[in-house]
Amino acid sequence: MSTRELFLQSKGYTTKWEKYFDVYDGVFEKFKNKKITFVEVGVLNGESLQMWRKYFNPDSRIIGIDFNPECKKFEKNGIEIFIGDQSDDKFWDEFYKKIGKIDILLDDGGHTNTQQIITTVKSLPNINDDGILMIEDTHTSYMQEFGNPNKYSFINFTKKIIDDVNFKYPNLGNFKVSLNNYVYSIQYFESIVIFHINTKKTNINKKIKNKSIDNDIITDFRYHDSIVPKLLKNKIIYKFRYLKKYSFIKFCYNFISKLIIYSNNY
Ligand SMILES: C[S@@+](CC[C@H](N)C(=O)[O-])C[C@H]1O[C@@H](n2cnc3c(N)ncnc32)[C@H](O)[C@@H]1O
């Protein structure tokens, strides 16, 4: 049965954004018959958790998290409820210590930047390979009542994760806090961001050859008409990278590298 059909069969009052059902069916289908651990942040009156209980394999673990202690009463039909604040690092540390790794986390909690960012940072390392972190209602990144638009909105944070994922390519950059050992790909829908986790597929990429003989290849014309791109092609600037530890040389190195790259792009 589709998530939409299950939703319409819910006994108590519940609401969801209509476009979410296609997204749910698209990404959750592959988990349907597996024994998984599914976590939803935001329990409210528990209807959504009942829907997930019916949707996934009956042996799956279905867990709800909410800040409201009253939600504990929805701990029935094998559903587990944890009371805690999704913007509290310590809550997540204790949660994952107790539960272990999970397969899916669906965040339908408070939807503030901090709540979404902390949930993401603390959960990505605790999701199994081929698992999913889905953050809902990301339109809040553009809403005044959530303190946005803002440099530190959740959506702007995800743009940094795009950089982080691309920084896997050697020497492009790095962040002090990096998630690129976990995030294999990111999917964007209206109001939803999905992170696909895979710690094996996030290894450093390498170019492979189909055969060892390469004397029949023709000239790559990317570099045919200028000396500057030739320097880049021959990677001369990369040969002096070890000098970067000296700050003035590092500054000059960065400046010249950028000049070469800009002139190349220009
Ligand atoms: C949109 S409702 C959840 C609806 C539910 N997922 C459904 O589809 O029926 C949001 C819930 O998030 C909870 N919440 C708000 N801030 C939270 C926080 N900081 N940590 C955990 N839960 C929070 C609220 O108590 C509320 O029950």
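What you see is a predicted model, and the numbers here were worked out from it, not measured in a lab.

## Some points on the sheet that holds strand E6 (residues 183–189)
Spatial strand order, E3-E2-E1-E4-E5-E7-E6: seven strands in an open sheet with mixed pairing. In the strand order of this sheet, the two ends are held by strand E3 (79–83) and E6, each with one partner. When the angles between neighbouring strand axes are averaged without regard to direction, this sheet yields 15°. Pairing between strand E2 (residues 61–66) and E3: five bridges, direction parallel. Residue pairing across strands places isoleucine 65 opposite phenylalanine 82, the latter belonging to E3. Taken strand by strand, helix H6 (residues 154–166) contacts strand E5 (127–136), E6 and strand E7 (192–197), and its axis lies near 140° from that of E6.

## Thoughts on the site of the ligand
In the region of the ligand, 16 residues are neighbours, and Lys16, Gly42, Asp66, Asp85 and Asp108 sit closest. Contacts to the ligand include lysine 16, whose side-chain N or O atom sits 2.9 Å from an oxygen atom. With respect to the ligand, the side chain of glutamate 40 contributes an N or O atom lying 3.0 Å from a nitrogen atom. Contact with the protein chains hides 82% of the accessible area of the ligand, taken as 610 Å² for the molecule alone. Partitioning the shell around the ligand into residue classes produces three nonpolar, eight polar and five charged.

## Describing the pattern of salt bridges
In the structure shown here, the tally under the stated rule is seven salt bridges. The residue arginine 61 makes a salt bridge to glutamate 80 at a minimum N-O spacing of 2.8 Å. With arginine 61 in strand E2 and glutamate 80 in strand E3, the pair connects residues that are 19 residues apart, well separated along the chain.

## Brief notes about the nonpolar core
With 28 residues, the main nonpolar core has Phe28, Phe38, Trp52, Phe56 and Met134 as its most contacted residues. Put simply, the parts of the chain that give this core at least two residues each are helix H1 (3–8), helix H2 (20–28), helix H3 (47–55), E3, strand E4 (102–107), E5 and E7. Here this core takes six residues from H2, the largest share from any one element. Counting 27 residues, the second-largest nonpolar core is a separate cluster that includes Ile65, Leu124, Ile135 and Ile155.

## Considerations on the domain arrangement of the protein
Annotation of the protein at the domain level lists domain 1 (3–197) and domain 2 (221–265). Each of domain 1 and domain 2 was reduced to a C-alpha centroid, and the two centroids are 42 Å apart.

What counts as what
Residues numbered from 1 in each chain as written. Predicted model: local features only at pLDDT ≥ 70, side-chain atom pairs only at ≥ 80, totals over all residues. Heavy atoms only, no water. Pairing = 2+ DSSP bridges. Helix = DSSP H or I, 4+ residues; strand = E, 2+ residues; numbered from the N terminus. Axes fitted to C-alpha atoms, helices over the stretch in contact; angles between N-to-C directions. Contact = heavy atoms within 4.5 Å. Near = heavy atom within 4 Å. Polar contact = N/O pair within 3.5 Å; in protein donor to acceptor, adjacent residues only side chain to side chain. Areas by Shrake-Rupley, 256 points an atom, 1.4 Å probe, with all protein chains shown as cover. Nonpolar A, V, L, I, M, F, W, Y, C, P; charged D, E, K, R; others polar. Salt bridge = Lys/Arg side-chain N within 4 Å of Asp/Glu carboxyl O. Core = buried A, V, L, I, M, F, W, Y, C linked by side-chain atoms within 4.5 Å. Buried < 20%, exposed > 50% of the residue type's maximum accessible area, 1.4 Å probe, protein only. Domains from an automatic or database assignment.

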